Amino acid sequence: MRSYYEQYSVEWDSVEIEKMTRELMNFDILFEGEPVGVIRLSFDDDGCHLRDLQVDERYQGRGIGSQALAQAEKLAREEKVNTLRLKVFKSSPAVRLYQRNGFSASSEDDRFYYMVRSIF
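Every value quoted in this text rests on a predicted model; they were computed, and no experiment measured them.

The rules behind these values
- Residues numbered from 1 in each chain as written.
- Predicted model: local features only at pLDDT ≥ 70, side-chain atom pairs only at ≥ 80, totals over all residues.
- Heavy atoms only, no water.
- Core = buried A, V, L, I, M, F, W, Y, C linked by side-chain atoms within 4.5 Å.
- Buried < 20%, exposed > 50% of the residue type's maximum accessible area, 1.4 Å probe, protein only.
- Helix = DSSP H or I, 4+ residues; strand = E, 2+ residues; numbered from the N terminus.
- Contact = heavy atoms within 4.5 Å.
- Pairing = 2+ DSSP bridges.
- pLDDT = per-residue confidence, 0-100.
- Salt bridge = Lys/Arg side-chain N within 4 Å of Asp/Glu carboxyl O.

Colleague: Any details on the nonpolar core? Residues and values, ideally.
Modeller: Ranked by size, the top nonpolar core spans 24 residues in total, and within it Ile-29, Ile-39, Leu-50, Leu-53 and Tyr-98 carry the most contacts. Those elements that place two or more of their residues in this core are strand E2 (34–44), strand E3 (47–55), helix H3 (64–78), strand E4 (83–89) and helix H4 (94–100). A total of 6 residues in this core trace back to one element, the largest contributor, which is H3. Sequence-distant contacts of Ile-29, that is, excluding residues within four places in its chain, are made with Glu-34, Pro-35, Val-36, Gly-37, Val-38, Ile-39, Leu-53, Gln-54, Val-55, Ile-64 and Ala-68.

Below, the structure written as structure tokens:
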């Protein structure tokens, strides 16, 4: 993530990021019992917000990100919300992952796509 922050001249404040992530629902992503990524979520009246999804580059392209999104949907259903939301840097290859998994851009600015997916 740091590289995207640098690309868009966004300050990377490790202390603030650590503080923020402690307030989220944090889940390790495991592959064959080994941690290969993380997904972080928050919930409010607007739905389930995907705050972070990272998969180690060595494990990308194996469907792990899609499986993590399916788990996020399951948790959202358990919380009785019907919308998944996220923002993603426009230059991130994850944009394609989100589009393949039914997300569409609801708005954008110079750095981000704000994406949404309804769940029923």
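Still more ground to cover, so stick around.
Colleague: Help me get a handle on the pairing of strand E5 (residues 104–108), residues and values and all.
Modeller: The sheet contact formed by E5 and strand E6 (residues 112–118) spans 4 bridges and is antiparallel. Bridge pairing in E6 places Ala-105 opposite Met-115. Linking E5 to E6, which pair antiparallel, is a turn of 3 residues.

Colleague: Describe in detail the environment of Asn-101, supporting the description with residues and values.
Modeller: Relative to the helices and strands, Asn-101 resides in the loop between H4 and E5. Its relative accessible area of 18% is what places Asn-101 among the buried residues. A sequence separation of 35 residues divides Asn-101 from Ser-66, and the C-alpha atoms of the two residues are 6.9 Å apart. Beyond its immediate stretch of four places on either side in the chain, Asn-101 contacts Ser-66, Leu-69 and Arg-117.

Colleague: An account of the confidence of the model for the protein is needed here, citing residue identities and associated values.
Modeller: Scored by pLDDT, the protein has a mean of 90; 90% of the residues are at 70 or more. Averaged pLDDT values for the elements of the protein fall to 54 in helix H1 (residues 2–7) and rise to 98 in E5.

Colleague: Could you give an account of the pattern of salt bridges, naming the residues involved and the relevant values?
Modeller: For the structure on display, the rule yields 6 salt bridges. For Asp-52, the salt bridge identified is with Arg-40, shortest N-O distance 2.6 Å. Of this pair, Asp-52 sits in strand E3 while Arg-40 sits in strand E2, placing them 12 residues apart in sequence. The pair Asp-52 / Arg-40 is uniform in exposure class, with both members buried. The salt bridge involving Asp-46 is made with Arg-85; its shortest N-O contact spans 3.2 Å. With Asp-46 in the loop between E2 and E3 and Arg-85 in strand E4, the pair connects residues that are 39 residues apart, well separated along the chain. One salt-bridge network, held together by shared partners, links Glu-73, Arg-77 and Arg-117.

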